[in-house]
Structures are given as C-alpha cells and as structure tokens.
Amino acid sequence: MRIVLSFIVFGVIVSCSSKYKLGYYDYPLPVDTNDKTIGFQEKKVYNFGDINFDNQFNGARLNDVTKVDDSTFVLLILPENTPINPSSYFALRFWSDKTQLLNLVLRYDDYRHRYKPKLSKDRKNWTYIASEDIEYNIDSTEVIIRVEASPAKSFLCAQELYTSEDVNAWCDKQAELPYVSYTSIGKSKLGRDIPHLDISTGNKNDKDIIVLIGRQHPPETTGHLAMNAFVEELVNESYLSKHTLDRYRFLIYPLMNPDGVDLGHWRHNTGGIDMNRDWSHYRQAEVRQVVEHIVAQQKVVKQDVLLGIDFHSTHHDVYYTVPDQNQQIPGFKDIWIEAIDKALVDGDIGYDSPYKLDKPISKGWFFKQFGAEGITYEVGDETDRIYIKEKAQVAAREMMKLLAFRQ
Ligand SMILES: [Zn+2]
C-alpha cells in the first residue's frame, strides 16, 4: 500500500542513475512540451488622426486597435497561443497631438482581466490608474480605462516593464563585484542570451551549490523584483553575506525566458510552451540548457546542489514547496519560512503550500535530480513593491543564517 501511494504522490524516476548525470523523470500528470505554433504581433503604430497607439518596444502586447468614436478605442489583447494560463498581459503606448481624455477598452476575447493597469511616461516611475477610472464588464473580459492622452507618450501596462535589456543591465551591475561572474550560458530559441551569474568567494570548486531561477513566465515581474532584491542582499558584503559566499556557490539564472519577456507573452516561450512544465524531458531549448548547465557545474566539483528557489508571481504571496521527504537539509523550508514570517512586522507574509510532485515543474526537478529542497517563491501581482523588496531581503538574510553556520 505504501508503494502504491508513493507511486501516485511522488511519481516515478525513469532513469536517474546519479545526481551528476541529468535524469529524465515521468510524472502522474505528464505535459506535452513539444513545440507548438505561436502568433506574433504586428509591430506598428495605429494612427487615428491626432491619436496614436503603438507596440514598438520590447515587452509590448497589443494585437489590434479599432476606433469606436472620437474618444473611445478598443484595444485587442491576445495570448501568444492557446490553451494558456489566463495571465492577460498587455503593454502599449498612446499619445495625442493635444491633451484629451480617452476611453480605452481592453478586450481579451475569451480571457478575463488580471492585472491592475499602470501608467508611466519614462518606464521608471509607474502609477496605478485610480479605481474610479476603471470599469469592468460583467465577466471581466472587457475593461474600460479612462486616461489622459498628451503629446508625451504614455505607457499603459499590466506590470512594470523589465525586458531582457533591463535584466542584462542589472547583471552587469552585479558583476562589478569581484566575486560575481556574469556570462550567457546559451541562446533562446530566437537567439537571445540566457544570462547567468555565478557567485562565491574563494575556490568555487569546494562548495555546495544553491540555485536561483526566474522569469520562466514573462509577465511575472513581482517575482523578478523579489529575486533582484534577494540577490542584492546576498552580495551586500555584510557579515552574513561574507560567511555565506565563503561556504556556498550560487548559480543564478534570472531570465529563463528572454524571448517571451521581450515579445510580451502571457505565459509561454517561443516554442509555445509553459516552461515550468518542461522539467522532465527538457524539450525546450531554454530549460534544457539551464538544467544541463546546473548538472555540469555540480559534476565538475562533485559537490551537492542543496536548494533551488524559483521566483514567480500569482494572485498573492505563497511558497509552493515539496512535502518533507528527506531533503538534503532536513526541515529547511519549515524553519526558513517561519523565520521570514517572524522577521516581518506586517504585510502578506505568505504561507507554505506543500503539494505533491505530480507535474514536471522546477521545484520537483530540484528534489528528484539532487534531493535538494525545491521552493517556488510566489509574489502577489499587486503586492506593494517596497514590501516585496523588504521581504526578499529578509528571506535572503534568513536563508544565509541557516546556511552559513550549518553544522
Ligand atoms: Zn509563474
């Protein structure tokens, strides 16, 4: 009976002779991750006399614009392919020769609105649109937003824009530190770099490994903000940082889906696949290169991968974890999450949500491949941005406390 239960709950290891060799794993709920066809947006300016819209920037998502009357326009927002998780992501610009009020109707066809619309003139400072300027239809498949158009172009986006250019610039900044090395481990399907940071002090070949990954899902920028703050805390040269980097090596893959990010995808890569369902047979180039790179690093040094954290966003803060089953650091996630909660005064502390390894997602791969603790660190779409940073700093500190002085 116990054998049957473990078959159902934890899946079956198909071929994993060694953690130093990449294994292939089957799950009770397998996912077909062979390439599917995606649609590309036509990149253009939609001109209506003195009023204009465009999607000619990385991270944009605008599929069509139609005029209803002089001040009302329907903006069609479609996913890259279907079926797809309903992360109805949009990003566009608008401007007009004279200052005037517009009613912009976001239409998603069969999908529902998800993100609170945000405005920016400079891509750096973002403001929420006031709730009285947003109207939803009965099933939220259409949203009317009142905005002021002016000659200065305004970005109207589901989330703040952090494209591959932004992530690579952030990596460049981190690599100013002597113990941070920044490389590209390969290319996405469309030839964009897959950036990688390798962080430790002293001899990296005598250290156990911690892995951080991010941006499998393009619109999940709050997870991206958390990961940035987490890494910056890790390298801030504090007492904790010094002791941690002296003992462990951090392999960081902050942008696993650069094509999807720059093309304004809702969920998938340009293979039309949810990359966080491809951690069993690695059919997508981006996932395959990352897992091969991680395993190869470990093979060289014959050290253990102890922990893998994958940063994401959803409707609220939560940790998706692996049920306790003899991970390499016993009890790590329970102690860590409790320590984070204790250190935070208020805010959405998030809760631990262990669930069975029934699908080929990254947290399960860290456990199956290495016996490592695998954690999906989820941040709410609209969680306060300052709080995201503070919590991620706390999370990094509490992780370092547990790791640096571990017996
Ligand atoms: Zn996600």
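The numbering scheme is per chain: residues are counted from 1 as the chain's sequence reads. With the structure being a predicted model, the display of local features is reserved for residues of pLDDT at least 70 and the display and counting of side-chain atom pairs for 80 or more, all residues being used for whole-chain, interface and lining totals. Heavy atoms throughout the structure, all of them, feed into the side-chain values; hydrogens and water do not.

**Student:** Explain the environment of valine 379 to me, using residue names and the numbers behind them.
**Tutor:** Topologically, valine 379 is positioned in strand S21 (residues 373–380). Since its relative accessible area comes to 2%, valine 379 is described here as buried. Expressed as a C-alpha distance, the spacing of valine 379 and asparagine 58, which sit 321 residues apart in the sequence, is 23 Å. Note on contacts: a residue pair is in contact if any heavy atoms of the two residues lie within 4.5 Å. With residues near it in sequence (within four places) discarded, valine 379 still touches Thr222, Gly223, Ala226, His312, Ser313, Thr314, His316, Asp317 and Ile388. Helix and strand definitions follow DSSP, with helices as H or I runs of at least four residues and strands as E runs of at least two, each counted in order from the N terminus. Relative accessibility decides the category of a residue: with a 1.4 Å probe and only protein chains considered, values under 20% of the type maximum give buried, values over 50% give exposed, and everything between is partly exposed.

**Student:** Run through the packing of helix H7 (residues 332–343) against helix H9 (residues 385–404), naming residues and quoting values.
**Tutor:** The interhelical angle for the contact between H7 and H9, taken along N-to-C directions, is 135 degrees, at an axis separation of 9 Å. Comparing their axes, H9 and H7 come out oblique. H7 and H9 meet at a crossing whose hand is right-handed. Contacts from Phe332, Ile335, Trp336, Ala339, Ile340 and Ala343 of H7 reach H9 at Lys391, Val394, Ala395, Glu398, Met399, Leu402 and Leu403. Here the contact of H7 with H9 is built from residues that sort into 11 nonpolar, no polar and 2 charged. Interaxial angles span 0 to 180 degrees and are taken between N-to-C directions of axes, which are lines fitted to C-alpha atoms, for helices over the stretch in contact. For this classification, under 35 degrees means roughly parallel, over 145 means roughly antiparallel, 65 to 115 means roughly perpendicular, and everything else is oblique. A clockwise turn of the near helix away from the far one marks a right-handed crossing, whereas an anticlockwise turn of less than a right angle marks a left-handed crossing. Here the term charged refers only to Asp, Glu, Lys and Arg, the term nonpolar to Ala, Val, Leu, Ile, Met, Phe, Trp, Tyr, Cys and Pro, and the term polar to all other amino acids, Gly among them.

**Student:** Explain the coordination of the zinc ion residue by residue, including any values.
**Tutor:** Protein coordination at the zinc ion: the donors are His217 (ND1), Glu220 (OE), Glu220 (OE) and His312 (ND1), at 2.1 to 2.5 Å from the metal. Taken together, the 4 donor atoms coordinating the zinc ion and their angles of 55 to 145 degrees define a geometry best described as irregular. Going along the chain, you hit the donors of the zinc ion in the pattern H-x2-E-x91-H. Here the residue histidine 217 occupies a position in the loop between strand S16 (208–214) and helix H3 (221–234), and histidine 312 occupies one in strand S18 (residues 305–314), the gap between them amounting to 95 residues. Metal-coordinating donors are taken as N, O and S atoms lying within 2.8 Å of the metal, or within 3.2 Å when the metal is Na, K or Ca; because water is left out, some sites can appear incomplete. Donor angles set the geometry label: tetrahedral for four donors if every angle is between 85 and 135 degrees, square planar for four and octahedral for six if opposite donors exceed 155 degrees and the others are between 65 and 115, irregular for anything else.

**Student:** With reference to specific residues and values, describe the domain arrangement of the chain.
**Tutor:** An automatic or database domain assignment supplies the start and end points of every domain. Segmenting the chain into domains produces domain 1 (2–30 + 163–404) and domain 2 (45–157). Contacts between domain 1 and domain 2 engage 18 residues on the former and 23 residues on the latter. Carbon and sulfur atoms supply 49% of the area that domain 1 and domain 2 bury against each other, a total of about 1,800 Å² over both sides. What counts as a salt bridge is simple: a side-chain nitrogen of Lys or Arg found within 4 Å of a carboxyl oxygen of Asp or Glu. One can count 3 salt bridges joining domain 1 with domain 2. Here lysine 118 makes a salt bridge to glutamate 382, at a shortest N to O gap of 3.0 Å. When the residues that make up the side of domain 1 that touches domain 2 are grouped by side-chain class, the tally is 4 nonpolar, 8 polar and 6 charged. A quick way to say it: buried area is the sum, across both parts, of accessible area lost when two parts are put together, with a 1.4 Å probe.

**Student:** Give a detailed account of the packing of aromatic side chains, specifying residues and quantitative values.
**Tutor:** The relation between two aromatic rings is expressed through the spacing of the ring centres and the mutual angle of the planes. Any pair of Phe, Tyr and Trp rings, taking the six-membered ring for Trp, is counted once the centres come within 6.5 Å. Such a pair is stacked with planes under 30 degrees apart, edge-to-face with planes over 60 apart, and tilted for the rest. Under the defined criterion, the tally for this structure stands at 18 aromatic pairs. Ring centres of phenylalanine 57 and phenylalanine 155 lie 5.0 Å apart, and the angle between their planes is 85 degrees; on these two criteria the pair is classed as edge-to-face. Of this pair, phenylalanine 57 sits in the loop between strand S4 (51–54) and strand S5 (64–69) while phenylalanine 155 sits in strand S13 (residues 154–157), and the two are 98 residues apart along the sequence. For phenylalanine 57, a relative accessible area of 11% corresponds to the buried category. Each ring, one from tyrosine 111 and one from tryptophan 266, has its centre 5.2 Å from the other, and the planes form 85 degrees; the classification is edge-to-face. In this pair, tyrosine 111 sits in the loop between strand S8 (100–107) and strand S9 (118–120) while tryptophan 266 sits in the loop between helix H5 (258–262) and helix H6 (285–301), placing the two residues 155 residues apart along the sequence. Across this residue pair, the class does not change: tyrosine 111 and tryptophan 266 are buried.

**Student:** Describe the pattern of salt bridges, listing the residues and the values that go with them.
**Tutor:** The tally for this structure, following the rule as stated, stands at 28 salt bridges. Where lysine 36 meets aspartate 32, a salt bridge forms, and the shortest distance between an N and an O atom there is 4.0 Å. In this structure, the salt-bridge partner of lysine 207 is aspartate 206, at a minimum N-O distance of 3.3 Å. By relative accessible area, aspartate 206 is classed as partly exposed at 46%. Look at the salt bridges and you will find they share partners, linking Asp133, Glu135 and Arg146 into a network.

**Student:** Can you tell me about the pairing of S13, naming the residues and giving the values?
**Tutor:** Side chains Ser154 and Leu156 of S13 all project onto a buried face; the interleaved residues Phe155 and Cys157 project onto the opposite face, where all are buried too. In this structure, S9 lies alongside S13, joined through 3 bridges in antiparallel fashion. Its bridge partner lying in S13, leucine 119 is registered against leucine 156. Between any two strands, pairing holds if DSSP finds at least two bridges.

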